[in-house]
Amino acid sequence: MNSRKIVLVLGGSSDIGRAAARSFAKAGWDVQLAGRDGAALEPDAADLYARYTTNASVHRFDVLDTASFDSFAAGLPALPDVVISIIGLLGSQETAQHDLDHATTIMRSNYEGPALILGLFAEKFLARGGGSIVGVSSVAGDRGRASNYVYGSAKAGFSAFLSGLRARVSSSGVHIVTVKPGFVRTKMTEGMKLIGPLTVEAPVVGDAIFNAVQRQSDVVYVSSKWRLVMLIIKSLPEAVFKKLKF
Ligand SMILES: NC(=O)c1ccc[n+]([C@@H]2O[C@H](COP(=O)([O-])OP(=O)(O)OC[C@H]3O[C@@H](n4cnc5c(N)ncnc54)[C@H](OP(=O)(O)O)[C@@H]3O)[C@@H](O)[C@H]2O)c1
């Protein structure tokens, strides 16, 4: 019988997803990679095997196709020990202001889909008596800002869902982590002006996710600087905050 632990990475094609898969694989875990284009994940699975002799399987998963969630979970080769949702869509705030379809896709990709699939695995973990769920949310969800409140509000909903789920299962063997990465240099932020000291590379987030699971952390700001920044932003009175157009 295979005694190696298994992590399921939803959003395996993202830079943060790849980094998280490697962090678990190098610690001896097997990996299930899931994404919209299952075939595109094959080279990643081969790479994990070549580097760490990881057993890595690939699975097709679309977070907008909620009707497929039950069969997706049932089709996995084994119920994982840890599920991480790294799925997200920044989209365009400007477009979302007048295009309801785009706004809906941002909301569903960052809140509805990730919350529903993690909730589904939480029930399976409760029935088994253990497991860890990791949701990659965002500091953007800590306060709605003028420049990205469609994305930010969806991340806020996701963080609130994880918070409630964590409270509900706190005395079971199931553990829920919310990860708030801050700025990360990835495909999502390509071409954006990021503030150097507040920006990390994807492998730092991958390791932070792995450590959060090991330590059974609750809410992780990958850079502690972001915890302070958001504390200040959250404490600004609304009369002042509404004049800031960032
Ligand atoms: N980069 C940052 O500064 C930053 C900061 C805070 C939080 N985050 C969060 O970190 C996570 C990863 O972001 P990233 O920076 O690594 O960006 P990314 O490369 O754009 O990752 C987004 C991931 O979500 C997947 N995805 C989007 N829509 C999907 C759908 N309908 N079904 C299945 N998968 C879908 C993408 O898959 P495809 O490859 O198929 O598109 C990709 O794997 C996101 O949740 C993001 O919100 C990032």
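A short tour of the structure in this document, coming up. (Residues numbered from 1 in each chain as written. Predicted model: local features only at pLDDT ≥ 70, side-chain atom pairs only at ≥ 80, totals over all residues. Heavy atoms only, no water.)

A look at the site of the ligand
Working step 1: For the ligand, the set of nearby residues contains 26 residues, the closest of which are S13, R36, Y151, G182 and T186.
Working step 2: One of the backbone nitrogen or oxygen atoms of I86 is found 3.0 Å away from an oxygen atom of the ligand.
Working step 3: The side chain of T186 places a nitrogen or oxygen atom 2.5 Å from an oxygen atom of the ligand.
Working step 4: In isolation the ligand has 880 Å² of accessible area, and contact with the protein removes 89% of it.
Working step 5: Counting residues per element, the ones that place at least two in the shell around the ligand are α1 (15–26), α6 (149–168) and β7 (183–185). (Near = heavy atom within 4 Å. Polar contact = N/O pair within 3.5 Å; in protein donor to acceptor, adjacent residues only side chain to side chain. Areas by Shrake-Rupley, 256 points an atom, 1.4 Å probe, with all protein chains shown as cover. Helix = DSSP H or I, 4+ residues; strand = E, 2+ residues; numbered from the N terminus.)

Some points on the packing of aromatic side chains
Working step 1: Going through the model one piece at a time under the given rule, you end up with 7 aromatic pairs.
Working step 2: Between the aromatic rings of F24 and F210, the centroid separation amounts to 5.0 Å while the plane-to-plane angle is 85°, which identifies the pairing as edge-to-face. With F24 in helix α1 and F210 in helix α7 (residues 202–215), this residue pair connects regions lying 186 residues apart in the sequence.
Working step 3: Taken together, F24, W29 and F210 form an aromatic cluster joined through their ring pairs.
Working step 4: Over the face of the ring belonging to F241 we find R143, whose NZ or CZ atom lies 3.9 Å from the ring centre. (Phe/Tyr/Trp six-rings, centres within 6.5 Å; stacked < 30°, edge-to-face > 60°. Lys NZ or Arg CZ within 6 Å of the ring centre and 35° of its normal.)

Some points on the pairing of strand β1 (residues 6–10)
Working step 1: With 5 of 5 residues buried, β1 is to be regarded as a mostly interior element.
Working step 2: Here β1 shows no split at all, with I6, L8 and L10 on one side and V7 and V9 on the other all buried.
Working step 3: Sheet topology places β1 next to strand β2 (residues 30–35); 5 bridges connect them, and they run parallel. Note that in β2 the partner of L8 across the bridge is Q32. (Buried < 20%, exposed > 50% of the residue type's maximum accessible area, 1.4 Å probe, protein only. Pairing = 2+ DSSP bridges.)

Some words on the sheet that holds strand β5 (residues 131–136)
Working step 1: Strand order in the open sheet made by the 7 strands is β3-β2-β1-β4-β5-β6-β9, with parallel pairing throughout. The open sheet is flanked by β3 (56–60) and β9 (219–221), the only strands paired with a single partner. Neighbour-to-neighbour, the strand axes of this sheet turn through a mean angle of 15°, independent of strand direction.
Working step 2: Alignment of β5 against strand β6 (residues 174–180), held across 6 bridges, turns out to be parallel. Bridge pairing in β6 places G131 opposite V174. (Axes fitted to C-alpha atoms, helices over the stretch in contact; angles between N-to-C directions.)

Overview of the packing of α1 against α7
Working step 1: It is the contact of α1 with α7, at a shortest axis distance of 7 Å, that shows an interaxial angle of 50°. Viewed along their axes, α1 and α7 adopt a mutual orientation that is oblique. Relative to α7, the crossing made by α1 is right-handed. Packed against α1, whose contacting residues are D15, I16, A19, A20, S23, F24 and K26, the element α7 presents A202, P203, V205, G206, D207, I209, F210 and V213 at the interface.
Working step 2: For the contact of α1 with α7, the residue count by class is 10 nonpolar, 2 polar and 3 charged. (Parallel < 35°, antiparallel > 145°, perpendicular 65-115°, else oblique. Left-handed = near helix turned anticlockwise from the far one by under 90°. Contact = heavy atoms within 4.5 Å. Nonpolar A, V, L, I, M, F, W, Y, C, P; charged D, E, K, R; others polar.)

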